[in-house]
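# Chains, contacts and geometry: an overview
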Amino acid sequence: MMKRFIFPALLMLLAASQAAGSSDSAQLYNRANDHYTKKEYHQALDLYTELIDRGIENPLLYYNTANGYYRIGRVGYAVLYYEKALRIRPFDREIRKNLRFVRSGLTDRIQPLYENGFTLLRTFFSYMKLRILIFLEIVFFTIFAGFLCLFSLFPVQRARLRRGLTVSGILFFVLLCGVIGSAVYSRIHPSGIITAEEVDVKSSPIQESETVLTLHEGTRIRVVEKRGDWILFSIADGREGWMVNTNAAFID
Amino acid sequence: MTGTGKRILVALLFIPWALLFFTPAPRALAARALAASERIINVSASVDSGEIGILDTVTLSVSVETENISRLPKPRLPDMKAFTVLNESTQSQTSISIVNGKTSRTKTVVFTYVLQPTSEGSFLLGPVVFEHGSNRYSTDPVSITVKSGSRRRTGPSAPADLQVDPEKLAQDIFIRVDPGSGKIFEGEQLPLSYKLYSRLDIDSISLKQNPSFQGFYIEDLFNATKLDYQKEEYEGRVYTTSRIKEVVLFPLKPGRYTPEPLVLQARVIVTSDDVFDIFGRPYTFNLSSNDVEVEVAPLPPTPDLSSFSGIVGDLEVDITSPSRTVETGETVTVYLTLKSTGNINLINDPGLQLSHEGRIYLSDTIQEKTNGDKVWFVKKFEYTLIPRKSGKLTVASPDFTFFDTKTGQYVLTGTDPLFLTVMGEDIGGEKPIRSRKDAVSAGGISFIKRDVKILHGRPSPLSTPFYYLYHLVISVLLASFVVYRIRREKLEKNEGLLKMKRARRQALTLLTVAEEQLLKKRPGDALGTVHRAVVNYIGDKTGTRPQDVTAKTIDASIDGVPGITAPAKAELRSLFDACMLYRFSNAGSTNDAAVRELIQRSVDLIGSLERTSRQNGGKPDK
């Protein structure tokens, strides 16, 4: 008899503790917002970063943190947290607008490797974050499952259902491949933002090696290879170089 | 020829020679004969100059005089940290003399090395070691002093073995830079264009020294990464020319300046008068640009130094906007363009003046360079303007004072103001900036996000179990459902199997009906229903029609029931007989208890048969 109530009780306790944690986090977040509106950006950032350190991944939190970093002049971290916020909410207009604004003031203006004709494709992929892919994959998986049930239940209607079943099955499979591919790729080649004010990019993972280019904070990079504390990375125009990984923070 | 044949032939060819080589007697004899007649008379080393500049080269000649030696090894050079070997060549001269009937052959071989110093100072070069057989010869060390700059500015020097005329070489290949009048004002532009002129076949060329322009603000215009040849006539001769470097200098202080020359290391193919030297030989040397001397005159004193922009030369100002009408609170872009031959980097954010209240921000600065008679620099300031009051808005640029080199006077310049029509309601206090959809927020970043009651974390779905659980549960349910449906469809297609599977359910349904009939005091009907249940069960299980299960066929039919045992067979037969007996006897004499017992027996028997059938996998009991 007791056993019957233990599991629901545990669940309720867990839910209550989570709600209490969320409420406590919300209070901290609101206090940080108060500091921000009073232009006490450093205090606000202390609270925002405490929440981030707790492992809370929230687009509002990232957005406000980015704003705070921008206000104190750390554009590298500002770009980083806008990117983190966009990863969760790719369609948020304010995040995109602020990110565009902060990027317009960056020291490095890097032209993408492929300029003409690829802008539309690049814009499309800027919205196709992993979460969107996962969402679409779940939707098409559910549709595919529904079609399969109907296909099994109504043998007479199979000719009609076959097309829907095939299309939803292909889309589900393609999206599943996209999710897996994207997750694996971002794990092997994570994207990051340069957070150090100025970085001398080296030709090899040795401090004394030749400086091939100098980059500044806010520049987006993608890791190509890791070797100890050093990373080989590429920037949007295809140039590559080595730097110590503490000069950058990673979005993924 | 077969493989074996080939091997035999090779063995026949090489074995005698191998035997001859490894036999000790002939080898020793031959060596003694050589040692007796060969000798080295003299080995010496010399350089063409004891004092050179860091940009020059020095030729080291190692001369070896031998007697009766046909082939000589190369001498071993000393460790030369302060020099690099650019070029090396060998020249030999042989003379034969006959004295008292004895013939002797004297050969002098000169090994020539062109050395490039890498650092300044005094160095002791040598000794150069020469080994022949078991003998070792060495030269005296040679002293060389390397000083700064070049000691041979007249042109490249030719190595001894190559009969290259330095003056001719200097006429055939040179770097030319023209400073114009050579007299400019402080802050005025001095464009310098370094151009390579050549009439020779250039094998390779690389930058040795980039000139450092101390005392100048430098604007790099062009640095060659590859040679782009063009034909050009200079002093009556046609040359192949290539731009090497273009730079614009702005002198920071008055005075007399001599910028360092640009030095290239060139490797050209030089042909000599030797008939065997028809293809020419490579020759490496340093090539310096001509000296440039610039006299920088001071600017005349200005009455108002604070208004002077620092521009010396020309300055043009323009103010434009892509739109002439704008709503209050919305953004409009205004460009202030400055075009000058002076150092335009001295002007930073001049700002704009508005006739009405409004907000204005510097969004971007674009720089361009245009080449003409003089180099013009364009700096475009992009301002984002947000008007707050409707009406006519005048946007004016400040005036700039610059020094005009043509007139030699300070000039105040500006441009006509820009007029904008502002529409919409006036904005009173501090309100959020409303920007166009695609426009970048002009006032900076947008406001912070609102307060929340609960701050939900949104971890990546891949890091939560929900994603995997959802897929797993749906997949398992779906697979079970599909398997069930497949089996069911298979069953539906096999009528016999279907009947067999449904026999128990059908029989139990009928027995339930019989119980109901019994409750309604209709024992006769109940008996008939029990009989039907038993007969249908046997029929379904054996695949025969129920009407074919009669007293005559019952035994054969019962044998076909899957999983039936001998006691069950007897019980089924007994049940069938009892049903038949009661049915064909007087129904009124049938009591309820007997029928209920029959129903119970039937239920028990069917249950027992089904259990046995399941245990045997649906097969009849053997």
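Residues numbered from 1 in each chain as written. Chains lettered and ligands numbered in written order. Predicted model: local features only at pLDDT ≥ 70, side-chain atom pairs only at ≥ 80, totals over all residues.

## Side note on the overall build of chain A
The cut-off we apply is this: Labels follow the DSSP assignment, with helices taken as runs of H or I lasting at least four residues and strands as runs of E lasting at least two, numbered in each case from the N terminus. With C-beta atoms placed from the backbone, a residue is buried if 20 or more other C-beta atoms are within 10 Å of its own, exposed if 12 or fewer are, and partly exposed between those counts. For every residue pair, C-beta atoms are placed from the backbone, and the pair is scored as a contact if these atoms sit within 7 Å.
In terms of helices and strands, chain A carries eight helices and seven strands. Within chain A, buried positions represent 31% of all 252 residues. Of the contacts formed within chain A by residues at least 6 apart in sequence, a portion of 56% connects residues at least 24 apart.

## Regarding the overall build of chain B
The helix and strand tally for chain B stands at nine helices and 31 strands. Expressed as a percentage of the 622 residues in chain B, the buried residues total 27%. Restricting the contact set of chain B to residue pairs at least 6 apart, pairs at least 24 apart contribute 70%.

## Things to note about unusual backbone geometry
Residue and element names in this part refer to chain B. Of note in this structure, E235 is not a glycine but carries a positive phi near 50 degrees. Looking at the element boundaries, E235 is found in the loop between β15 (230–234) and β16 (237–251). Positive phi is not limited to glycine here, since K521 has a value of about 60 degrees. Assignment of secondary structure puts K521 in the loop between α5 (495–519) and α6 (523–542).

## Comments concerning the packing of helix α7 (residues 130–153) of chain A against helix α8 (residues 158–188) of chain A
Residue and element names in this part refer to chain A. Under the convention used in this document: Only C-alpha atoms enter the line fits that serve as axes; for helices the fit covers just the stretch in contact. Angles between N-to-C directions range over 0 to 180 degrees. Angle categories are assigned with fixed cut-offs, so that under 35 degrees is roughly parallel, over 145 is roughly antiparallel, 65 to 115 is roughly perpendicular, and the rest are oblique. Definitions for this section: a left-handed crossing has its near helix turned counterclockwise from the far helix by less than a right angle. A right-handed crossing has that turn clockwise. Here the nonpolar group is Ala, Val, Leu, Ile, Met, Phe, Trp, Tyr, Cys and Pro; Asp, Glu, Lys and Arg are the charged ones; every other residue, Gly included, is treated as polar.
Between α7 and α8, whose axes approach to 8 Å, the crossing angle comes to 150 degrees. Compared by their axis directions, α7 and α8 come out roughly antiparallel. Like other packed secondary-structure pairs, α7 and α8 cross with a definite hand, here left-handed. Tallied by class, the residues present in the contact of α7 with α8 amount to 20 nonpolar, six polar and two charged.

## A few points about the sheet that holds strand β19 (residues 281–288) of chain B
All names here are of chain B. Going by this rule: Strands are labelled as partners when DSSP assigns at least two bridges between them.
With antiparallel pairing, three strands are arranged side by side in an open sheet as β13-β18-β19. At either margin of the open sheet sits one strand with a lone partner, and together these are β13 (201–209) and β19. With strand direction ignored, the average angle separating the axes of adjacent strands in the sheet is 20 degrees. One ladder, built from seven bridges, connects β13 with strand β18 (residues 263–270); its direction is antiparallel. The residue bridging I202 from the neighbouring strand is V268, located in β18.

## So, the nonpolar core
Convention followed: Note on definitions: a nonpolar core is a set of buried residues drawn from Ala, Val, Leu, Ile, Met, Phe, Trp, Tyr and Cys, linked by C-beta atoms within 7 Å.
Counting 45 residues, the largest nonpolar core has A66, A78, Y81, Y82 and A85 of chain A as the members making the most contacts within it. Ranked by residues supplied to this core, first place goes to helix α4 (residues 75–88) of chain A with 10 residues. If we skip the residues at most four places from it in the chain, A66 of chain A touches A78, Y81, Y82, A85 and N98 of chain A. In terms of nonpolar packing, the next biggest core, distinct from the first, is built from 30 residues, A526, L527, I538 and L605 of chain B among them.

## Describing the interface of chain A and chain B
Residue-level contacts link 36 residues of chain A with 29 residues of chain B. Breaking the side of chain A that touches chain B down by element, the ones donating at least two residues are α1 (2–37), α3 (59–71), α5 (93–104) and α7 of chain A. Element by element, the count of residues in the side of chain A that touches chain B is highest for α7 of chain A, at nine residues. Looking at the side of chain A that touches chain B residue by residue, the class counts come to 19 nonpolar, 12 polar and five charged.

## Quick word on the sheet that holds strand β20 (residues 294–297) of chain B
Residues and elements named next belong to chain B. Ordered in space as β11-β20-β17, the three strands form an open sheet in which the pairing is mixed. Looking at the sheet topology across the chains shown, the edges are occupied by β11 (183–185) and β17 (255–257). Within the sheet, the average angular offset between the axes of one strand and its neighbour, ignoring direction, is 25 degrees. Relative to β20, β11 runs parallel, the two sharing three bridges. Across the sheet, the residue bridging to K183 is E295, located in β20.

## Some details on the pairing of strand β7 (residues 129–132) of chain B
Along a regular strand, successive side chains alternate from one face of the sheet to the other. Residue and element names in this part refer to chain B. By the bridge criterion, four bridges tie β7 to strand β8 (residues 135–138) in an arrangement that is antiparallel. Considered in β8, the bridge of V129 is made with S138. Connecting the antiparallel pair β7 and β8 is a turn made up of two residues, with G133 showing a positive phi of about 60 degrees.

## Here's the deal with the confidence of the model for chain B
A low pLDDT means the predicted coordinates there should not be read in detail. Residue and element names in this part refer to chain B. Threshold: By definition, pLDDT measures how confident the predictor is in each residue, and it falls between 0 and 100.
Per-residue confidence for chain B averages 77 on the pLDDT scale, and 80% of its residues sit at or above 70. Counting interchain partners and residues more than four positions distant, the pLDDT-below-50 stretch residues 1–6 has one contact. Taken together, the stretch residues 618–622 has pLDDT below 50 and engages in 13 contacts with residues farther than four places along the chain or on a different chain. Two summary scores accompany this predicted model of the complex, namely pTM at 0.41 and ipTM at 0.79.

## Focus on the packing of helix α2 (residues 41–53) of chain A against α3 of chain A
Residue and element names in this part refer to chain A. Close contact between α2 and α3 brings their axes to 9 Å; oriented N to C, the two are set at 145 degrees. For α2 against α3, the interelement crossing comes out left-handed. The residues of α3 that touch α2, namely those facing Y41, A44, L45, Y48, T49, L51 and I52, are L61, N64, T65, G68, Y69 and R71. Residue classes in the contact of α2 with α3 are distributed as eight nonpolar, four polar and one charged.

## Focus on the environment of R87 of chain A
Residue and element names in this part refer to chain A. The residue R87 is located in helix α4 in this model. On a C-alpha basis, the gap between R87 and Y127 in space is 8.7 Å, while along the polypeptide they are 40 residues apart. Once residues within four sequence positions are removed from consideration, R87 is found in contact with K129 and I251.

## Focus on α5 of chain B
Along an α-helix, residues three or four positions apart point the same way, because every turn accommodates 3.6 residues. All names here are of chain B. What counts here: Helix span, as expected, comes to 1.5 Å for every residue beyond the first. Two axes enter the definition of the bend at a residue: one is fitted to the seven residues ending there, the other to the seven starting there, and the bend is the angle between them.
Taking 1.5 Å per residue as the helical rise, α5 with its 25 residues ought to reach 36 Å, and the 34 Å between its terminal C-alpha atoms agrees with that figure. When the local axis directions of α5 are compared, the greatest deviation, roughly 50 degrees, occurs at R502. Residues of α5 that are buried make contact with α6 and α9 (592–615). Following α5 by one or two positions, K521 adopts a phi angle in the positive range, close to 60 degrees.

## Focus: α5 of chain A
Residue and element names in this part refer to chain A. Put simply, the test is: Taken from the helix axis, the directions to the C-beta atoms give the arc we talk about.
Counted at 1.5 Å a residue, the expected span for α5 with its 12 residues is 16 Å, and the 16 Å between its end C-alpha atoms agrees. Every buried residue of α5 is accounted for by I95, N98, L99, F101 and V102. The arc that holds every buried residue of α5, seen down its axis, measures 160 degrees, which confines them to one face. Buried residues in α5 make contact with α3 and α4.

## Remarks on the environment of L133 of chain A
All names here are of chain A. When you line up the elements, L133 lands in helix α7. L133 gets classed as buried once you count the C-beta atoms within 10 Å, which come to 20. Separated by 47 residues in sequence, L133 and I180 place their C-alpha atoms 9.8 Å apart. If near-sequence neighbours (up to four positions away) are discounted, L133 is found in contact with M128, L175, G178, V179 and S182.

## Some points on the environment of S397 of chain B
All names here are of chain B. By the element assignment, S397 lies in the loop between β28 (391–396) and β29 (400–404). Linking S397 and I319, residues 78 residues apart in sequence, is a C-alpha distance of 7.2 Å. Apart from the residues lying within four places of it in its own chain, the contact partners of S397 are V317, I319, L336, P350, L352, G414 and T415.

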